[in-house]
Amino acid sequence: MSTPDTTTLLAQLRTVLDLTHTEIQVAETRVVQARTDAVRRELSENAANGRSRAEAIDAAIRQLGGVPELIGPFLGRAAAVVKALTEQAQPFDEALFGDLALEHQLLDRARYIKALAVAAGESDIENLASRLIAAHSATVDWLTTVLAEDALGGPAALRRTPLQAAAGAAVRLVQGPVTWSARGLDRALDTVRTTPPALNELLSRGARAGDVAVKTLTASRDAALETAEQVTRREGAGGVAGVIHSARTATGVLEPGELPIDDYDELNVTKAAAAIQDLTEPGDVRAIVAYEEAHKNRHSVVSAAQTRLAAIAQEVVGID
C-alpha cells in the first residue's frame, strides 16, 4: 500500500473514532428520553457497544502505525453536549434528523474504510469496517423507525423534552393554516359559552380554533374537555372537535368505552399486550398508551404498544 493510501485510511479511521465518541455521548444523553425500560437498556447497550467499537478503531489505528489523538474523546463529549443543548430549541423530529445524519456519516465512512482496507489487503481492518457497517445500518433503521413512529403520532421510543414539545407545537402553529369553517366555529362558540364557567372564561379570551384547542387542553378539567368535544361536534365544528379529541387521547382521559380494545380495563397484562398486537391503526395504539400511562401505567403493556407501533412504522417506511 502506498504512503498516500495509508494516510487516507488513517485519516478516515481517526475521523470515525472522533464521530464514534460523539455517538457514544449522544446515546447516553438519549437514555433519559427513553419511553420504556427496554429502550433504556437498548440505548445503554448502544453506548457500551460504541465504546467497544472505539477501542477496536483505536487498535486499528495503532496497527497501521498511527497514534490516536488523545483529545478525541473530549471533543466527542463536547460535540455531543453542544448538540444536546442546541436541539432543545428544535422540534423533536429535527433533533432526530441530526442523530440520523451522524449515523449516515459513520455508515458512509465505514463503507469507504472497507474499500480502502480491501485495496490495501488489510483483512483485519476490512472485518472491522464490516462490523461498523452492520452496527450503523441497524442504528439508521432504528432512528428511521423512531421518526416514522413520531410521524404516525407516537408513541415513539423516545420522549420529547418539554422544550422540544413546545418548539414542535410552535412550528405546527405557524406552518399549519386554519382550515375549519368560521361559521361552524362561531356556532360552536355560542353554544359552548353556556357550558361550565371555566370554559366560558377560556373561550371569551379568544375565538381562534387553535386558541380554543390549546387553551382547552391547558386550562379545563377532563369533564370540560369531554363537554367541549361533544358540543363542538354537535354544532358542526368537526375540526375543532377533532383537535379536542386528539388532546383527550394524548392526555389519556378517554372513557373506557372510547378505547379501541373492548373491556380494556378488565384485561390483565398478558391479555392487554396480546390485544394490542391486533391493532392496525397508529391512532389506536396511541390511545391505548396514553390511557395506560395515565391510569395503570403497566410498563410491560406500554412496551408492547411501543413495539407494535414500531412494527407499523417499519412497514410504512419499508424496513424489514
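Residues numbered from 1 in each chain as written. Predicted model: local features only at pLDDT ≥ 70, side-chain atom pairs only at ≥ 80, totals over all residues. Heavy atoms only, no water.

1. Remarks on the overall build of the protein
Then step 1. Each helix and strand counted, the protein has 14 helices and zero strands in total.
Then step 2. Its helices and strands in sequence order give the protein the pattern α-α-α-α-α-α-α-α-α-α-α-α-α-α, from N to C terminus.
Then step 3. Sequence separation of at least 24 residues holds for 72% of the intrachain contacts in the protein that already meet a minimum separation of 6.
Then step 4. As displayed, the protein has an accessible area near 16,000 Å², and 54% of this comes from carbon and sulfur atoms. (Helix = DSSP H or I, 4+ residues; strand = E, 2+ residues; numbered from the N terminus. Contact = heavy atoms within 4.5 Å. Areas by Shrake-Rupley, 256 points an atom, 1.4 Å probe, with all protein chains shown as cover.)

2. Structural notes on the nonpolar core
Then step 1. Core analysis: the largest hydrophobic core is formed by 43 residues, its most contacted members being L13, I57, I125 and W142.
Then step 2. When residues of this core are traced back to their parent elements, those giving at least two are helix 1 (3-30), helix 2 (37-63), helix 4 (92-120) and helix 5 (123-151).
Then step 3. The contact partners of I57, leaving out residues within four places of it in the chain, are L13, V16, L17, T20, L128 and L132.
Then step 4. Membership of the second largest hydrophobic core comes to 17 residues, among which are L259, Y264, L267 and V285. (Core = buried A, V, L, I, M, F, W, Y, C linked by side-chain atoms within 4.5 Å. Buried < 20%, exposed > 50% of the residue type's maximum accessible area, 1.4 Å probe, protein only.)

3. Brief notes about the packing of helix 4 against helix 5
Then step 1. The contact between helix 4 and helix 5 brings their axes to 8 Å, and the two run at 160 degrees. Comparing the axis directions of helix 4 and helix 5 gives the class roughly antiparallel. Two packed elements cross with a definite hand, and for helix 4 against helix 5 that hand is left-handed. (Axes fitted to C-alpha atoms, helices over the stretch in contact; angles between N-to-C directions. Parallel < 35°, antiparallel > 145°, perpendicular 65-115°, else oblique. Left-handed = near helix turned anticlockwise from the far one by under 90°.)

4. A look at the packing of helix 13 (residues 282-294) against helix 14 (residues 299-317)
Then step 1. Put simply, helix 13 and helix 14 touch, their axes get as near as 10 Å, and they point 165 degrees apart. When the axes of helix 13 and helix 14 are compared, the pair comes out roughly antiparallel. Handedness of the crossing formed by helix 13 with helix 14: left-handed. Residues P282, V285, V289, E292 and E293 of helix 13 pack against V301, V302, A305, R308, L309 and I312 of helix 14.
Then step 2. Considering only residue class, the contact of helix 13 with helix 14 consists of eight nonpolar, no polar and three charged. (Nonpolar A, V, L, I, M, F, W, Y, C, P; charged D, E, K, R; others polar.)

5. Observations concerning unusual backbone geometry
Then step 1. Unusually for a residue other than glycine, D263 sits at a positive phi of about 55 degrees.
Then step 2. Secondary-structure assignment places D263 in the loop between helix 11 (238-250) and helix 12 (269-276).
Then step 3. For D263, a relative accessible area of 59% corresponds to the exposed category.

6. A closer look at helix 5
Then step 1. Taking 1.5 Å per residue, 29 residues should reach 42 Å; helix 5 reaches 42 Å between its end C-alpha atoms and fits that length.
Then step 2. Just downstream of helix 5, G153 is the residue with a positive phi angle, here 105 degrees. (Expected span 1.5 Å × (residues − 1).)

7. Concerning the environment of S137
Then step 1. Secondary-structure assignment places S137 in helix 5.
Then step 2. Once residues within four sequence positions are removed from consideration, S137 is found in contact with L107 and R111.

8. Re helix 13
Then step 1. The terminal C-alpha atoms of helix 13, which comprises 13 residues, lie 18 Å apart, in line with the 18 Å expected from a rise of 1.5 Å per residue.
Then step 2. What helix 13 keeps buried is the set P282, V285, A287, I288, V289, A290, Y291 and E292.

9. Remarks on the pattern of salt bridges
Then step 1. The tally for this structure, following the rule as stated, stands at eight salt bridges.
Then step 2. E292 is paired through a salt bridge with R298; the nearest N and O atoms lie 2.9 Å apart.
Then step 3. Using a relative accessible area of 1% as the deciding quantity, one classes E292 as buried. (Salt bridge = Lys/Arg side-chain N within 4 Å of Asp/Glu carboxyl O.)

10. What to know about the packing of aromatic side chains
In this description, an aromatic ring pair is defined by two values, namely the gap between the centres and the angle between the planes.
Then step 1. For the structure on display, the rule yields one aromatic pair.
Then step 2. Ring geometry for Y264 versus Y291: centroids 6.1 Å apart, planes at 80 degrees, classification edge-to-face. Here Y291 lies in helix 13 and Y264 lies in the loop between helix 11 and helix 12, a separation of 27 residues in the sequence.
Then step 3. Under the relative-accessibility criterion, Y264 is labelled buried at 2%. (Phe/Tyr/Trp six-rings, centres within 6.5 Å; stacked < 30°, edge-to-face > 60°.)

11. Some details on the environment of E28
Then step 1. By the secondary structure assignment, E28 is in helix 1.
Then step 2. For the pair E28 and E45, spaced 17 residues apart in sequence, the C-alpha separation works out to 9.6 Å.
Then step 3. Not counting residues within four places of it along the chain, the set of residues in contact with E28 comprises A47 and R51.
Then step 4. Looking at E28, its side chain comes within polar contact range of the side chain of R51, at 2.6 Å. (Polar contact = N/O pair within 3.5 Å; in protein donor to acceptor, adjacent residues only side chain to side chain.)

12. Points about the confidence of the model for the protein
Then step 1. On average, residues of the protein score 75 in pLDDT, and 62% of them reach the 70 mark or higher.
Then step 2. For the protein, per-element mean pLDDT is lowest for helix 7 (residues 182-192), which scores 46, and highest for helix 5, which scores 94.
Then step 3. Here residues 167-196 is modelled with pLDDT under 50, and outside its nearest four sequence neighbours on either side it reaches 41 contacts, counting other chains as well.
Then step 4. Low pLDDT (under 50) marks residues 212-221, which in the prediction has 20 contacts with non-local residues, meaning those over four places away or in another chain. (pLDDT = per-residue confidence, 0-100.)

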